[in-house]
Amino acid sequence: MSSRKKSTSRVRIDRFAGGRGANRDDVVAVEEPLEIRLELAAGDGVRERSVSVTMRTPGADFELAAGFLFTEGILADRSDIADLRYCQHVTPQEYNIVTVRLSDPDAFDPALLTRNFYTTSSCGVCGKASLEAVEVRGCEPLPAGELRVPRDVIQQIPDALREAQPVFERTGGLHAAALFDSSGEITTLREDVGRHNAVDKVIGHELLGGRVPIVDRLLAVSGRTSFEIMQKALAAGISMVVAVGAPSSLAVDLATQFNMTLVGFAKAEGFNLYAGAGRIEDLGPTGGRGARE
């Protein structure tokens, strides 16, 4: 049996600075494919069907698989999963393939694997169609709920997120996603070369622990916020997303339509609020882009 994959790798580089060069070791983030498979009913037996291949940083692979299948609408609950395992006897890819066995393979609709309920920016489909697809899936606007976060806590999140990224600190090459409570404490954090993978790992961790929907914490991401990240948060019941970078226009549209709070360009000095002012405390008289109460 091969050893499990590592999240970092040492490489030999030439470093140039101050007009001089030197040969030295460096640490880089590992990027490898992960194939996610479903074990489905087939006649009198079962068969495996490939669902997706994503480029990811090894680590928390079961969480990534579970989170991806949940946010894509293929899984509805933790109880849908009977088993998660790495495929065996497929050297050298043993730890690059995860199979999810469903609790009731006969009840699964294979058509779910051929229907996308949202589209990527490369598909040429308009934003309105993407938002309608989220509605068709059954997602509804989120209630105001119990989450209220002070303004100063939001301004502390970027530094807290950065300080809690162990692999980024070594490589400078990973995105992070984390759940914070209303006091600014991190409850779950995952890193990955892909922003969406990091979010799926966080949501998968909560799903496997039976803590979805996530109504009492916010999601923080280290980069920009895309429509895809917002729809994953919506699927998990997360009502607030705080990003270090910018949102896309469709991310803002989704937040507005589904009553989510969206913050961008967060840093210690301040932040931009794009939707959902009602969940942030101490905004002052200028606070106002509206959450429906």
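Cut-offs and rules
- Residues numbered from 1 in each chain as written.
- Predicted model: local features only at pLDDT ≥ 70, side-chain atom pairs only at ≥ 80, totals over all residues.
- Heavy atoms only, no water.
- Salt bridge = Lys/Arg side-chain N within 4 Å of Asp/Glu carboxyl O.
- Buried < 20%, exposed > 50% of the residue type's maximum accessible area, 1.4 Å probe, protein only.
- Helix = DSSP H or I, 4+ residues; strand = E, 2+ residues; numbered from the N terminus.
- Axes fitted to C-alpha atoms, helices over the stretch in contact; angles between N-to-C directions.
- Parallel < 35°, antiparallel > 145°, perpendicular 65-115°, else oblique.
- Contact = heavy atoms within 4.5 Å.
- Nonpolar A, V, L, I, M, F, W, Y, C, P; charged D, E, K, R; others polar.

(A) Examining the pattern of salt bridges more closely. Counted according to the given criterion, the structure contains 14 salt bridges. Between Asp61 and Arg56 there is a salt bridge; the shortest N-O distance is 2.9 Å. For Asp61, a relative accessible area of 4% gives the class buried. One salt bridge connects Glu63 with Arg190, and the closest N-O pair in it is separated by 2.7 Å. With Glu63 in helix 1 (residues 61–71) and Arg190 in strand 9 (residues 186–192), this residue pair connects regions lying 127 residues apart in the sequence. Overlapping salt bridges, with partners in common, bring together Glu35, Arg37, Glu39, Glu48, Asp83, Arg85 and Arg101 in one network.

(B) Geometry of the environment of Pro141. Checked against the element boundaries, Pro141 lands in the loop between helix 2 (127–137) and strand 7 (149–150). Pro141 sits in the partly exposed class, given a relative accessible area of 43%. In this structure, the C-alpha to C-alpha distance between Pro141 and Asn259, residues 118 residues apart in sequence, is 5.3 Å.

(C) Expanded view of the packing of helix 1 against helix 5 (residues 195–208). As a packed pair, helix 1 and helix 5 sit with axes 6 Å apart at the nearest point and diverge in direction by 90°. Comparing the axis directions of helix 1 and helix 5 gives the class roughly perpendicular. Touching Phe62, Glu63, Leu64, Ala66, Gly67, Phe68, Phe70 and Thr71 of helix 1 are Asn197, Asp200, Lys201, Ile203, Gly204, His205, Leu207 and Leu208, all from helix 5. Its residues assigned to classes, the contact of helix 1 with helix 5 comprises eight nonpolar, five polar and three charged.

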